[in-house]
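# Remarks on the overall topology
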Amino acid sequence: MDLIDEGPDGNTPEFSVSELAGAVKRTIEGEFSYVRVRGEVGRVSRPRSGHVYLDLKDDRAVISAVMWKGVAARLDTPPEEGMEVIATGKMTTFPGQSKYQIVLDDIRPAGMGALMAMLEKRKAALQAEGLFAPERKQRLPYLPEIIGVVTSPSGAVIRDILHRLRDRFPRKVLIWPVAVQGQSCAPEVARAIEGFNRMTPGGALPRPDLLIVARGGGSVEDLWGFNEEIVARAAAASEIPLISAVGHETDTTLIDYVSDRRAPTPTAAAELAVPVRLDLLGFVGDMGARMTRAMGQRIEARGQRLRDVARALPRAEELLTGPRQRLDVTGDRLPQGLRRLVDRQRLRLSEGAGSLRPSVLVRAVNVERGRLTDRAARLAPALDRLAVQKRDRLGAVAARLSPRPIRREVAAGQERLANLSKRLDAAQTQRVGDLAKRLDALGRLAETLSYKATLDRGYAVVRGDGHVVTTKAGAEAASGLEIEFKDGTLRLGGTAPKKATKPKPPEQGSLF
Amino acid sequence: MSETPVDEMSFEQAMAELERVVGALERGDVALEESIKLYERGAELRKRCEAKLKEAEEKVHAITLDAEGNPTGTKPVEGL
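Worth saying up front: this structure is predicted, and the values here are computed from it rather than measured.

### So, the environment of L32(B)
Along the chain, L32(B) turns up in helix α2 (residues 32-54). Judged by its relative accessible area of 27%, L32(B) falls in the partly exposed class. For L32(B), the contacting residues outside a window of four places in its chain are R298(A) and R302(A).

### Quick word on the sheet that holds strand β11 (residues 461-464) of chain A
Pairing is antiparallel in the open sheet, where four strands are placed in the order β12-β11-β13-β14 (chain A). Since the sheet does not close on itself, it has two edges, and those belong to β12 (467-468) and β14 (489-492) of chain A, each with one partner.

### Quick notes on the packing of helix α9 (residues 277-312) of chain A against helix α1 (residues 11-27) of chain B
In the contact formed by α9(A) and α1(B), the axes pass within 9 Å of each other and the chain directions differ by 30 degrees. As summarised for this structure, α9(A) and α1(B) are arranged roughly parallel, according to the angle between their axes. Read as a crossing pair, α9(A) and α1(B) show a hand that is left-handed. When α9(A) is examined against α1(B), the residues L280(A), F283(A), V284(A), M287(A), R290(A), M291(A), A294(A) and M295(A) are found in contact with a partner set consisting of F11(B), M15(B), L18(B), E19(B), V21(B), V22(B), L25(B) and E26(B). Counted by class, the contact of α9(A) with α1(B) contains 13 nonpolar, no polar and three charged residues.

### A closer look at helix α3 (residues 112-128) of chain A
Residues and elements named next belong to chain A. Counted at 1.5 Å a residue, the expected span for α3 with its 17 residues is 24 Å, and the 24 Å between its end C-alpha atoms agrees. All buried positions along α3 are accounted for by L115, M118, L119, R122, K123 and L126. Projected onto a plane normal to the axis of α3, the buried residues spread over an arc of 140 degrees and lie on a single side. Exposed residues pointing more than 90 degrees away from the buried face of α3 are listed as G113, K121, Q127 and A128. Contacts made by the buried residues of α3 are with β5 (99-109), α6 (229-237) and α7 (254-258). In the segment just after α3, G130 is the residue with positive phi, at about 90 degrees.

### Considering the packing of helix α5 (residues 185-198) of chain A against α6(A)
When two helices pack together, their arrangement is given by the angle between their axes and by how far apart the axes lie. Residues and elements named next belong to chain A. Axis separation between α5 and α6 bottoms out at 8 Å; the angle between their running directions is 10 degrees. Judged on the interaxial angle alone, α6 and α5 are roughly parallel. Contacts between α5 and α6 involve A186, P187, V189, A190, I193 and E194 from the first element and I230, V231, A234 and A235 from the second. Among the residues forming the contact of α5 with α6, the class breakdown is nine nonpolar, no polar and one charged.

### Some details on a nonpolar patch on the surface
Residues and elements named next belong to chain A. A cluster of nonpolar residues, F15, L20 and V24, forms a patch on the protein surface that exposes about 240 Å² of accessible area. Within the secondary structure, V24 sits in helix α1 (residues 17-31). Overall, V24 belongs to the partly exposed group, its relative accessible area being 36%.

### A few points about the nonpolar core
Ranked by size, the top nonpolar core spans 55 residues in total, and within it L56(A), I107(A) and I255(A) carry the most contacts. The element contributing the most residues to this core is α5(A), with seven residues. Both domain 1 (17-110) and domain 2 (136-275) of chain A contribute no fewer than three residues apiece to this core. What L56(A) contacts, discounting residues up to four positions off in sequence, is V37(A), E40(A), V41(A), A61(A), V62(A), I63(A), A65(A), V85(A), A87(A), I102(A), L104(A) and I107(A). Core analysis: the next-biggest nonpolar cluster, separate from the first, contains 50 residues, F169(A), A214(A), A263(A) and F11(B) among them.

### Remarks on the sheet that holds strand β2 (residues 71-76) of chain B
Through backbone hydrogen bonds, the strands of a sheet pair up, either in parallel or in antiparallel fashion. Taken in spatial order, the seven strands of this open sheet run β10(A)-β9(A)-β8(A)-β6(A)-β7(A)-β1(B)-β2(B), and their pairing is mixed. A single partner strand is all that each edge strand has here, and the edge strands are β10 (261-262) of chain A together with β2 of chain B. As judged from the five bridges shared by strand β8 (residues 210-215) of chain A and strand β9 (residues 242-246) of chain A, these two strands associate in the parallel manner. In the sheet register, A214(A) faces β9(A), and the bridge partner there is A245(A). Of the strands in this sheet, β6 (146-151), β7 (172-177) and β8 of chain A together with β1 (59-65) of chain B touch helix α4 (residues 156-168) of chain A, which is tilted by about 160 degrees from β6(A).

### Focus on the packing of aromatic side chains
As enumerated under the stated definition, the model contains three aromatic pairs over all chains in all. On the numbers, 6.1 Å between centres and 15 degrees between planes, the contact of Y142(A) with F11(B) is stacked. Taken together, the positions of Y142(A) in the loop between α3 and β6 and F11(B) in helix α1 put the pair across two chains. Y142(A) sits in the partly exposed class, given a relative accessible area of 28%.

### Things to note about the interface of chain A and chain B
The interface of chain A with chain B comprises 38 residues on the first partner and 42 residues on the second. Surface buried jointly by chain A and chain B totals about 3,700 Å² across both partners, of which 66% is contributed by carbon and sulfur atoms. Ranking the residues of chain A by area buried against chain B places M291(A), M295(A) and R298(A) at the top, with a combined share of 18%. Taking the shortest distance from any N to any O, the salt bridge between R166(A) and E58(B) comes out at 2.6 Å. There are 14 residue pairs in polar contact (both at pLDDT 80 or more) connecting chain A and chain B. Of all the elements, α9(A) adds the most residues to the side of chain A that touches chain B, at 15 residues. The class makeup of the residues in the side of chain A that touches chain B is 23 nonpolar, four polar and eleven charged.

Parameters at a glance
- Residues numbered from 1 in each chain as written.
- Chains lettered and ligands numbered in written order.
- Predicted model: local features only at pLDDT ≥ 70, side-chain atom pairs only at ≥ 80, totals over all residues.
- Heavy atoms only, no water.
- Helix = DSSP H or I, 4+ residues; strand = E, 2+ residues; numbered from the N terminus.
- Buried < 20%, exposed > 50% of the residue type's maximum accessible area, 1.4 Å probe, protein only.
- Contact = heavy atoms within 4.5 Å.
- Pairing = 2+ DSSP bridges.
- Axes fitted to C-alpha atoms, helices over the stretch in contact; angles between N-to-C directions.
- Parallel < 35°, antiparallel > 145°, perpendicular 65-115°, else oblique.
- Left-handed = near helix turned anticlockwise from the far one by under 90°.
- Nonpolar A, V, L, I, M, F, W, Y, C, P; charged D, E, K, R; others polar.
- Expected span 1.5 Å × (residues − 1).
- Arc of directions from axis to C-beta.
- Patch = residues over 30% accessible without salt bridge, like charges linked within 9 Å, V, L, I, M, F, W, Y side chains within 5 Å.
- Areas by Shrake-Rupley, 256 points an atom, 1.4 Å probe, with all protein chains shown as cover.
- Salt bridge = Lys/Arg side-chain N within 4 Å of Asp/Glu carboxyl O.
- Core = buried A, V, L, I, M, F, W, Y, C linked by side-chain atoms within 4.5 Å.
- Domains from an automatic or database assignment.
- Phe/Tyr/Trp six-rings, centres within 6.5 Å; stacked < 30°, edge-to-face > 60°.
- Buried area = accessible area lost by both parts, 1.4 Å probe.
- Polar contact = N/O pair within 3.5 Å; in protein donor to acceptor, adjacent residues only side chain to side chain.

Here it is in structure tokens:
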């Protein structure tokens, strides 16, 4: 470098970019070879390389930070976004990108308060999700066959657990070795819980039926891995019942809230995990003894009852004596009775049969026959007698039947007839006489009233051709006239009438 | 009476059932015939429980992991 070079810009030296970047790098690294910075962790990224990149910031500035793999693994409390931290390291530049950054040796929470505040926040979030809910808790198996233990393979913790298991009830134990502090603690623990759950029961790697996640006591930072969200989530998701036993009794980490049971110590976890075998043996033995005793008592009681009942039961012999005696007596009497009965019946038979002889029957028949003949003999006279009787009665009745009364009646009838005839004649004669008298009277009356009387007084009746002529014209017309006088009729002219001797009676002649 | 075959019972189930059977026998309120069946079942349960209690063998293995932290198998652990 020529420091005295004259140029248009005076004596300002000229650098190449690399030279300048290198100068800056030297300056910064020299000036800030060891710094201690307080700030909030910003974005954190953890690529597979294992290095950790993060931002440190406050309200006005941001500085990029990098933590190499080895350093990160050593950390008790891995940095997390939002965490208030105190970091130490040296400043350096990254010339390729015109950047500067701090290479961290250490980063730790800026005091308990900051760490706890963050833990509280996380806890509240998980609780809001319901991960702590009592109903999520699974019941621990009473006697697990295989116990999976997630812990450091070396150290007091696993030894304590195994010892206590051995004391109580030796079991199969599968240890999943993990780092129990530092950066890799949380991911390894989470992975172990998930790995155990992925195993199949009875497989090459048999799946445990109980998990214990354990760690001995330590500082808050030491236990920090068990406060990580991934651990809490893995424990909450575990389908295998899980006991957490992290730190001492006073240490409560996030996993304790989500585990199915929390044990204050690893030893206590073993106690929660299995019952005491000897107790169980005692229990089973006791049960067996009680069962046998109960059964024995049962059988004894039954036997006693049976004996009692049997005693009360009379002997068969005794039961049979009475009836057997009766049977004997009756049996003895049976033929005798039978015989007696036969005798009695035979007697009745012979009594009956004795009187039953043909002569008796013949006698009876003869008696009946006699009666019959007798009756028959009486039959014809009786009939005759009856006939005579009837005839007599007929005769008597016939005798009473004579013509005299009829004749008498006829005579009486004739007499009455004659009488009546006489009276009829008399009546007839009288009646005719009466009528003749009346006729005379009437004839006389009719005489007096007739025109003939007028003839006496000088009047005449003129007739022409048979008819009374009362007019001159009539008289003229007539061929001849007849004049009737008191003493007879005079004919004038004409032909003589054939019979004009007696004038015809007038229209109104006799009343008869 | 539970119909679960004794062979399929867990230790805990077998124990609870045994306790129940003993209780029933002690109360003596079942018929003699039934109590004989109960006794037989109790004896079976007791055998089952004792067999389970005899299976008290300690076997401790640690899971071996590959570089990525995946389980590859187990190895016996001794001396703990």
